[in-house]
Amino acid sequence: MPEQTEVRLPDDVRLHVEVTGPADAEVTAVLLHGWTLDGRSWHRQLTEIRERFGDRVRVVTYDARGHGRSSCMALRTATLAQLGDDLAAVIDQFAPTGRVVLVGHSMGGMTVMEYAHRHPDHFAARTAGLVFVSTTAEGHTHTVYGLSPRIARLIRLAETTGAGVLARCGSWRPPHALLRALRPSIRWMLFGDRCDPADIRLVTSAVARASLRSIGGFRASIGAQHRLDTLAELGHLPAAALVGDRDRLTPPPCAESIAGVLPATELTVCPGAGHMLMMERPEEVNAALTGVLGQVLAQPVAESATGVGTAG
C-alpha cells in the first residue's frame, strides 16, 4: 500500500502525496494528474510499475493544489507557473537524490514543462526521462473540441467566462447532484469510443473533490501556455508522448508538435481513444512508461541525472 503523507509549501498550501517504493530506489517516477482530477488517475500505472520493476523504482503521486485531498489556495497562485514551483518542492522532499522520470497527463504534462522552464538547473540536475500523456505545449491552439472552429470559439468564450465566475467561488466544491447531471457531458468531453463505467465514476468523483477555485482559476494559464522552445532543449532525454485520436481537449496535433521538437520521442496515437488514456488505453500508456523507465535504468548512473538541484 502507498504511504500517504503531505508536503507543506511556502504559502501554507498542503499537498496530499502518496509514495510507493524505497527511498534508495534507482529511479523515482513522479506522476502528475490532469486538471480537475487527482492522483488516483494513475492506479493502473502504479500496479504495472510495481509488478515490472519492484524496488528498483519509487513512485510518487500527489494531488495538485486545489485538487483531490490537497488544500485550496489563493486565486493568484492558480497558475501553471506555481504548479512548476510546487513540482520542484515535491522532488526536493520526496526524491532529494537520484534520477527522476516525470510523467504528466494534460495539466500535469504542462506542469512538467513549466518546471523545466522556471527551474532549468534543477530540472537538468535531476530529470532523466519524460512521458507526456494527452497534453500540449501550445495552450488551446489546437483545441476545437472535435467541432467546427466557429462553434469551438463560442464554446471557448462560454468556458472562459464560466471559469472566471468559478474562480471566485473559493474552496467550494461542485455539488454531487450537478455532477451526476453532467456525467454524459463529462463522458463526451473526456473519453473516446469506449468508456468503462468505473472510469467515469472515478473521474466524476475526482471532479467532485476539486475546488471551484481550481476548476476556474487554472483555465487562463492553461490556455495561454506556450513551451515548445523549452521542450526543444530537452531532446537528449528518453521520452514518450501519447494521444488519442478522439481527444477533444488535446488532439493529435498537440502530441505531434511535442514529438516534433523532441525528435527522439516515441509518439503513440491510440485509435478511438479520448483524453483519459491512462484509463482507456492502459496497455499503451504502461508500455510507454515502462519503456522510458527501462531506458533510464539501463543507463550507467553517470550518464543520467544524479545531482541535487536547488529550486529557483
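Throughout, a residue's number is its position along its own chain's written sequence, starting from 1. Since the coordinates come from a predicted model, pLDDT governs what is reported: local features require at least 70, and pairs of side-chain atoms require 80 or more to be given and counted, while whole-chain, interface and lining totals use all residues. Side-chain descriptors were evaluated using all non-hydrogen atoms of the structure, hydrogens and water having been removed beforehand.

A. Fine view of the confidence of the model for the protein. Per-residue confidence for the protein gives a mean pLDDT of 90, with 87% of residues at or over 70. Per-residue confidence from the prediction method is given by pLDDT, with values spanning 0 to 100. Should any heavy atoms of two residues lie within 4.5 Å, those residues are considered in contact. Considering only residues more than four positions removed or in separate chains, one finds that residues 306–312, a stretch of pLDDT under 50, has 20 contacts.

B. Quick look at the environment of proline 96. Examined against the element boundaries, proline 96 turns out to sit in the loop between helix H2 (80–94) and strand S5 (99–105). For proline 96 and arginine 126, which are 30 residues apart along the polypeptide, the C-alpha to C-alpha distance reads 8.9 Å. A run of DSSP states H or I qualifies as a helix once it reaches four residues; a run of E qualifies as a strand once it reaches two. Both are numbered from the N-terminal end.

C. Layout of the packing of helix H1 (residues 43–53) against helix H13 (residues 282–298). For every element, the axis is a line fit to its C-alpha atoms; helices are fit only across the contacting stretch, and the angle between N-to-C directions ranges from 0 to 180 degrees. It is the contact of H1 with H13, at a shortest axis distance of 10 Å, that shows an interaxial angle of 40 degrees. Considering the angle they form, H1 stands oblique to H13. Considering the relative orientation of H1 and H13, their crossing is right-handed. Here H1 contributes Arg44, Gln45, Glu48, Ile49, Arg52 and Phe53 to the contact with H13, which in turn contributes Pro282, Val285, Asn286, Leu289, Thr290, Leu293, Gly294 and Leu297. Residues are grouped as follows: Ala, Val, Leu, Ile, Met, Phe, Trp, Tyr, Cys and Pro are nonpolar; Asp, Glu, Lys and Arg are charged; all remaining types, including Gly, are polar. Considering only residue class, the contact of H1 with H13 consists of seven nonpolar, four polar and three charged. Oblique is the label for every angle not falling under 35 degrees (roughly parallel), over 145 degrees (roughly antiparallel), or within 65 to 115 degrees (roughly perpendicular). Crossings are sorted by hand: turned counterclockwise from the far helix by less than a right angle, the near helix makes the crossing left-handed, and turned clockwise it makes it right-handed.

D. A look at the pattern of salt bridges. Whenever a carboxyl oxygen of Asp or Glu lies within 4 Å of a side-chain nitrogen of Lys or Arg, that contact is scored as a salt bridge. On inspection of all chains with the given rule, the structure shows 14 salt bridges. Two residues, arginine 50 and aspartate 55, come together in a salt bridge whose shortest N-O distance is 3.0 Å. Residue arginine 50 is classed as partly exposed on the basis of its relative accessible area, which comes to 36%. Aspartate 55 sits in the partly exposed class, given a relative accessible area of 47%. Connected via shared salt-bridge partners are Asp11, Arg65 and Asp86. For each residue, the accessible area found with a 1.4 Å probe, counting protein chains only, is set against the maximum for its type, and the residue is called buried under 20%, exposed over 50%, and partly exposed in between.

E. Inspection of the packing of H2 against helix H3 (residues 107–118) at higher detail. Two elements in contact, H2 and H3, have axes separated by 8 Å at closest approach and are oriented at 80 degrees. Judged by the angle between their axes, H2 and H3 are roughly perpendicular. Every residue of H3 that contacts H2 at Leu80, Ala81, Leu83, Gly84, Asp85, Leu87, Ala88 and Ile91 is listed here: Met107, Met110, Thr111, Val112, Glu114, Tyr115 and Arg118. A class-by-class count of the residues in the contact of H2 with H3 yields ten nonpolar, two polar and three charged.

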